Amino acid sequence: MSSLVAIIPILIVTLSALAAMLAEAFREPGERMPAGLGLIGLVGAILASIFLWDREATAFGVVLADNFALFVNIVLGIVGILTLLMSSDVIDRERLPAGEYYALMLFAIAGMMLMASATDLLVIFLALEVFSLAVYVLTGIRRASAAGAEAAFKYFLLGAFSSAFFLYGVAFTFAVTGSTRLDRVGAELARQANEPGILLLIAVGLLMVGFAFKVSAVPFHMWTPDAYQGAPTIVTGFMSTAVKAAAFAAFVRVFASTLEPLQQQWAPLLWAIAVATMIGGTVVGVVQTNVKRMLAYSSIAHAGYLLVGLVATNPSRPVGQAAVLFYLLSYAVTNVGAFGVVAMLGTGERPHDELDDFRGLWQRRPGLAGLMTVFLLSLGGFPPTAGFIGKWYIFNAAVQEGQYWLAIIGVLTSVVSVFFYVRVIVMMYMTEEAAEAPPTPALSIVAAAGLTFAVIAVFYLGVLPTRVLDLAAQSVATIF
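The structure contained in this document is the topic of the report that follows.

## Looking at the overall build of the protein chain
In step 1: Assigned secondary structure in the protein chain consists of 19 helices and two strands.
In step 2: What you see for the protein chain is a C-alpha radius of gyration of 21 Å, in line with the 23 Å of a compact globule of 480 residues.
In step 3: Counting only C-alpha atoms, the protein chain reaches 70 × 55 × 40 Å along its principal axes.
In step 4: Looking at the protein chain as a whole, 62% of its 480 residues qualify as buried.
In step 5: Relative to all contacts within the protein chain whose residues are 6 or more apart in sequence, the contacts with residues 24 or more apart total 81%.

## Digging into the pattern of salt bridges
In step 1: Within this structure, the stated rule accounts for ten salt bridges.
In step 2: Here Asp89 and Arg93 are joined by a salt bridge, their closest N and O atoms 4.0 Å apart. Pair noted here: Asp89 and Arg93 are both in helix α3 (residues 67-94), with a separation of four residues, about one helical turn. In terms of burial, Asp89 and Arg93 fall into one category: buried.
In step 3: A salt bridge links Asp226 to Arg293; the nearest nitrogen and oxygen atoms lie 3.1 Å apart. Here the residue Asp226 occupies a position in helix α9 (residues 224-230), and Arg293 occupies one in helix α12 (residues 291-311), the gap between them amounting to 67 residues.
In step 4: Salt bridges sharing partners connect three or more residues here, namely Glu150, Lys154, Asp226 and Arg293.

## A closer look at the packing of aromatic side chains
In step 1: The final tally for this structure, using the stated rule, is 19 aromatic pairs.
In step 2: An angle of 80° between the planes, with centres 5.2 Å apart, marks the rings of Phe166 and Phe211 as edge-to-face. Linking Phe166 in helix α6 (residues 146-177) with Phe211 in helix α8 (residues 198-214), this pair joins segments that are 45 residues apart in sequence.
In step 3: According to the relative accessible area criterion, Phe166 is buried, its value standing at 1%.
In step 4: You can call Phe211 buried: its relative accessible area is 1%.
In step 5: Plain terms: the ring middles of Phe326 and Tyr393 are 6.5 Å apart, the flat faces sit at 80° to each other, and that makes the pair edge-to-face. Here the residue Phe326 occupies a position in helix α13 (residues 319-345), and Tyr393 occupies one in helix α16 (residues 386-400), the gap between them amounting to 67 residues.
In step 6: You can call Phe326 buried: its relative accessible area is 0%.
In step 7: Judged by relative accessible area, Tyr393 falls into the buried class, the value being 13%.

## Some details on helix α4 (residues 98-117)
In step 1: Its 20 residues give α4 an end-to-end C-alpha distance of 29 Å, which sits within 8% of 28 Å, the value for a rise of 1.5 Å per residue.
In step 2: The buried fraction of α4 amounts to 17 of the 20 residues, a majority that puts the element mostly inside the structure.

## What to know about the layout of surface pockets
In step 1: Its boundaries defined by the atoms lining it, the largest pocket holds a volume of some 400 Å³.
In step 2: Of all the secondary structure elements, the ones that give two or more residues to the lining of the largest pocket are α3, α6, α9 and α12.
In step 3: At four residues, α6 tops the list of elements feeding residues into the lining of the largest pocket.
In step 4: Broken down by class, the residue content of the lining of the largest pocket amounts to six nonpolar, five polar and 13 charged.

Cut-off values and rules
- Residues numbered from 1 in each chain as written.
- Predicted model: local features only at pLDDT ≥ 70, side-chain atom pairs only at ≥ 80, totals over all residues.
- Heavy atoms only, no water.
- Helix = DSSP H or I, 4+ residues; strand = E, 2+ residues; numbered from the N terminus.
- Rg over C-alpha atoms; globule rule 2.2 N^0.38 Å.
- Buried < 20%, exposed > 50% of the residue type's maximum accessible area, 1.4 Å probe, protein only.
- Contact = heavy atoms within 4.5 Å.
- Salt bridge = Lys/Arg side-chain N within 4 Å of Asp/Glu carboxyl O.
- Phe/Tyr/Trp six-rings, centres within 6.5 Å; stacked < 30°, edge-to-face > 60°.
- Expected span 1.5 Å × (residues − 1).
- 1 Å grid on protein atoms, 1.4 Å probe; cavity = no way out; pocket = protein on both sides within 12 Å on 5 of 7 lines; lining within 4 Å.
- Points joined across faces, edges and corners; volume = space filled by probe spheres on them.
- Nonpolar A, V, L, I, M, F, W, Y, C, P; charged D, E, K, R; others polar.

As structure tokens, this is what we get:
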């Protein structure tokens, strides 16, 4: 029983997913039972993670509920709650299968929590596949949508391709070190760090490719715009935040801790990927006229900022790792909120996600226009929002570790990215409403509560970030 303590949050989410599937069989039209069960499960997982704080519980030697994993669990729980609160309107409007939707969302979150807690490369791979399969199906859950089917197919093919890279990396790591357990791999790498062999470098490179795909880093980002545009908008918000949080959690645990003895070998390559990701996501995002694709390239650029924190890791001064955790939380609440507003504007006939669809939104729906403004300013890094504190903390970590050029490039790309965020704001407030303005569906109380919670979190993290920053610093200390 002591081994089960570490996986209590994962078990709670998994059981709520099974309960949601069962409830769908008995659900009357109009009832929200699966959504309610999902919310109960996610709140329970967050409370269980808080209860396990500082306990360092281990399950079967391959799952570790340390503060690092628990912090990520809380982030994933918050993303899941916000997504479920905003999902009911979209499910009714687009006639999505509610039981499948909620169950897949919860199974994906359970896999993500397992990935954040795993201390074995094979368990990380299994967790990766568990949540990836659920997200593939969610991407194409609108069965009548050709764009959704195409997006899911592309995502699946490229996801399988990247999984092969990661699995080969695990195989090479086992061949060199004789184990897939992160602690044993780290100990063996420390012994070989002075003269790393070619097989070891190949293993590190293959693992990096696998993680880079999941976080949408350039040049492994080709799936992101099409998958984000083809999926239901609320699913896109979930993909862009929860998937990134889980992947970066495993990325940090493997590279900043286990592979830290080889940092001189992998840091230059990751430096180049971070620069290409920031520049590529920003430059291509500027020319987009579809808001979902623009936010997709924005997500790629933000992955580059997170990679800056990973490059700036230092075991003796874990500022970079803590910056990554705080940035994941601030980015999550901001981006889920932004995609939530876009999802609320859509109808069953059209998603209304083109830039022109935001013309004069302030006149039609001032509340949604105000919320969208806050989220876009946070993505752009304006004070006093969470995005400003997150970017400042990331770039400050890079400066402290002597990565001046990385910080300069990050600041410059962040300034350029302001253009496509402000462009949407200009369309909402400073342009005339189109002659045939798209309809604006009514907003339910539950969805409004989700958007309100997101905007409160954006301002809280921007104005009073100290407590969360301290928790992030405490969390990363447990992986060394």
